[in-house]
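# Tertiary structure, described
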Amino acid sequence: MSGFRLEDVVRNNIKDLAPYVSARHTFIGEAKALLDANESPYGDGIVNRYPDPLVSSLREEIAKRENVKPEQVVCGNGSDEILDLIVRIFCEPGKDSILICPPTFGMYKVSAAINDVEVKAVPLINNFQLNIEGIVAEKAKVLFLCSPNSPTGNLMDVSDIEQILQEWPGVVVIDEAYIEFTESESWVSTLAMFPNLIVTRTFSKFWGLAGCRIGYGIASAEIVSFLAAVKPPYNVDNLAYNAALEALSQEDEKKRQAAIQLEQRDILKNVLVSLSFVEKVHPSDSNFLFTSLREDATTLYEHCKANGIIIRRYGKDPMSIRISAGTPEETEHLIAVLRSYTSK
Ligand SMILES: *Cc1c(COP(=O)(O)O)cnc(C)c1O
C-alpha cells in the first residue's frame, strides 16, 4: 500500500479555508422574488440569474451514471480548471512538485508553472507506455497521467496504472478526456480502492461542448470537498450547465457522431501510412492520430494551412503531427491536400 493520507498532502492553508458563501449557496429553490443577489430581475431567468454554485442537478446526473455519490463530483470551467485546482490544493508554491510523463497534455505543466510548482518528468517509453520504475523512484505531491493520452492517442496499460495507484504515496490524477471514445472501463470504478485517485473528464470532446467550458472531477468525497471549497462559486455558468444536461440526454446521438469520427480516423490512417513522408501512424484509442514524419513538420503544416486545413504541430517535437478526426467531407479534403503534398 502507498500509505496515502489525505491530511498529509493537502496544503495547510486549504485545510483551514473558510469558503466564500454566496447568495445562491444560502437559497436554492423556487421563490416569488429573488432579492438576495443584486441581479437584474429582467431576463429569461437563465442569463440574468447567477447559476447554482453547487451545480446540483448535473452532479447528481453524473453521479448516477458513474455509480458514485454526488459528493464525489466537482464541476469546473472545463476540466482545465479542475486540473489547476488540483495543483492549487496540494502543492505549496516554491516548495512542492508535480510529476508528468511526456509527451502529454500541456496544461499540467502550465498550471504548475503558474502556481510556482516544480515540474518533474519521467518520459513515456515503449510505445508511449509508462516508465513504472522511473515513476516510483520519483517524489512529488501529484502525478498526472492521461489515458488515452494526448498527443499520443493511446490508453495506458491497466496493470501499470494499478501498480502506480498502489505504490505512489501522493495523489494520482487520471485525465480521461478521451475515455468515451474507447471501450475501456473508466478508473472511476476503482475509486473505492484508491483514496489517492482523482479522475478528470470533460464535455469538450465526445460531448461536443468545447465552446461552453465544462468538465468535472471524480474522487473521494474528502478530496472533492477541498476542490469545491477552492473553486470560484459561479465557475459553471447556466448555459454550460444546461448544455451539459442536454448533451447527457442525447448520448445515443453523441455515440453516433463519435462512431463517424472514429471511422474517419481509420480512413485517414489508411491513407497516411501509404505516404512517403510518413514514418509511423501511432495506434489511437482516441478521436485523433499522432503521426511521426520523416521530415520536419513545418512544410506539411504550411501546405495544409495554405489549403485551409489546420493540423497540430509541436515545437519540441518537430517531426510529429497530431490530426483530429473530422467529418467525412473534411477527411476527403484533407486526403486530397495530403496527396498533393506528396506529389510535389
Ligand atoms: C481537451 C483536453 C482537456 C481539456 O478539456 P477542457 O474540459 O476543455 O478544459 C484535458 N485533458 C486533455 C488530455 C485534453 O485533451
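Residues numbered from 1 in each chain as written. Predicted model: local features only at pLDDT ≥ 70, side-chain atom pairs only at ≥ 80, totals over all residues. Heavy atoms only, no water.

### What to know about the overall build of the chain
Scanning the chain from terminus to terminus reveals 13 helices and 11 strands. Computed over its C-alpha atoms, the radius of gyration of the chain comes to 22 Å, within 12% of the 20 Å expected for a compact globule of 344 residues. Residues counted as buried form 51% of the 344 residues belonging to the chain. By sequence separation, contacts in the chain at least 24 residues apart represent 68% of the contacts at least 6 residues apart. Just so you have it, the chain exposes about 16400 Å², and 52% of that area is on carbon and sulfur atoms. For the chain, the centre of its 34 positive side-chain charges and the centre of its 47 negative side-chain charges are spaced 3 Å apart. (Helix = DSSP H or I, 4+ residues; strand = E, 2+ residues; numbered from the N terminus. Rg over C-alpha atoms; globule rule 2.2 N^0.38 Å. Buried < 20%, exposed > 50% of the residue type's maximum accessible area, 1.4 Å probe, protein only. Contact = heavy atoms within 4.5 Å. Areas by Shrake-Rupley, 256 points an atom, 1.4 Å probe, with all protein chains shown as cover. Lys, Arg positive; Asp, Glu negative; His and termini not counted. Charge placed at Lys NZ, Arg CZ, Asp CG, Glu CD.)

### Quick look at the pattern of salt bridges
With the rule as written, the count across this model stands at 16 salt bridges. Measuring nitrogen to oxygen at the nearest pair gives 4.0 Å for the salt bridge that ties arginine 5 to glutamate 7. Judged by its relative accessible area of 45%, arginine 5 falls in the partly exposed class. Of the charged contacts, one joins arginine 201 and glutamate 176 as a salt bridge, the two residues approaching to 2.9 Å between their closest N and O atoms. Here glutamate 176 lies in the loop between β5 (171-175) and β6 (197-202) and arginine 201 lies in strand β6, a separation of 25 residues in the sequence. Residue classification places glutamate 176 among the buried residues on the basis of a relative accessible area of 0%. (Salt bridge = Lys/Arg side-chain N within 4 Å of Asp/Glu carboxyl O.)

### Some thoughts on the sheet that holds strand β11 (residues 320-324)
In space, the four strands of this open sheet follow the order β8-β9-β11-β10, with antiparallel pairing throughout. Here the strands that pair on one side only, and so sit at the sheet edges, are β8 (278-281) and β10 (312-313). In the sheet, strand β9 (residues 288-293) pairs with β11 via five bridges, with the strands oriented antiparallel. Looking at the pairing, serine 292 lines up with serine 320 of β11. (Pairing = 2+ DSSP bridges.)

### Here's the deal with the sheet that holds β5
The strands making up a sheet associate through hydrogen bonds between their backbones, and the pairing can be parallel or antiparallel. In spatial order, the strands read β1-β7-β6-β5-β4-β2-β3; together these seven strands make up an open sheet with mixed pairing. Each edge of the open sheet carries a strand with a single partner, namely β1 (73-76) and β3 (118-121). Each adjacent strand pair in this sheet contributes to an overall mean axis angle of 25°, direction not counted. Strand direction decides the pairing type here: β5 and β6, joined by four bridges, are parallel. Within β6, the position partnered with aspartate 175 by the bridge is threonine 200. Sitting on the sheet, helix α5 (residues 79-90) touches β1, β4 (142-146), β5, β6 and β7 (215-218), and the angle it makes with β6 is about 155°. (Axes fitted to C-alpha atoms, helices over the stretch in contact; angles between N-to-C directions.)

### A look at the site of the ligand
Taken together, Gly78, Ser79, Asp80, Phe105, Cys146, Asp175, Ala177, Tyr178, Thr202, Ser204, Lys205 and Arg213 are the residues near the ligand. Arginine 213 places a polar side-chain atom, nitrogen or oxygen, 2.7 Å from an oxygen atom of the ligand. Compared with its free state, where it exposes 390 Å², the ligand has 93% of that area covered by protein. Split into classes, the residues belonging to the shell around the ligand amount to four nonpolar, four polar and four charged. (Near = heavy atom within 4 Å. Polar contact = N/O pair within 3.5 Å; in protein donor to acceptor, adjacent residues only side chain to side chain. Nonpolar A, V, L, I, M, F, W, Y, C, P; charged D, E, K, R; others polar.)

### Describing α5
Look at α5: 17 Å from first C-alpha to last across 12 residues, which is about the 16 Å you get at 1.5 Å a residue. Of all 12 residues in α5, 10 are buried, a share of seventy percent or more. Buried within α5 are the following residues: Ser79, Glu81, Ile82, Leu83, Asp84, Leu85, Ile86, Val87, Ile89 and Phe90. (Expected span 1.5 Å × (residues − 1).)

### Re the packing of helix α12 (residues 298-306) against helix α13 (residues 328-342)
Here α12 crosses α13 at 130°, and the two axes come no closer than 10 Å. Here α12 lies oblique to α13, going by the angle between them. Note on packing geometry: the crossing formed by α12 with α13 is right-handed. For the pair formed by α12 and α13, the contact residues are Thr299, Leu300, His303 and Cys304 on the first element and Val337, Leu338, Ser340 and Tyr341 on the second. Considered class by class, the residues forming the contact of α12 with α13 number five nonpolar, three polar and no charged. (Parallel < 35°, antiparallel > 145°, perpendicular 65-115°, else oblique. Left-handed = near helix turned anticlockwise from the far one by under 90°.)

### Quick look at the environment of proline 195
Along the polypeptide, proline 195 turns up in the loop between β5 and β6. Among the residues examined, proline 195 registers a relative accessible area of 37% and is labelled partly exposed. Each C-alpha atom of the pair proline 195 and leucine 268 lies 41 Å from the other, and the pair is 73 residues apart in sequence. Dropping the residues within four chain positions of it, proline 195 is found in contact with Phe4, Ser220 and Ile223.

### Some details on the layout of surface pockets
Approximately 720 Å³ is the volume found for the largest pocket. Thr104, Gly106, Pro151, Arg312 and Tyr314 are the residues nearest the centre of the largest pocket, which is lined by 25 residues in total. Every element with two or more residues in the lining of the largest pocket is listed here: β9 and β11. When the residues that make up the lining of the largest pocket are grouped by side-chain class, the tally is 11 nonpolar, eight polar and six charged. (1 Å grid on protein atoms, 1.4 Å probe; cavity = no way out; pocket = protein on both sides within 12 Å on 5 of 7 lines; lining within 4 Å. Points joined across faces, edges and corners; volume = space filled by probe spheres on them.)

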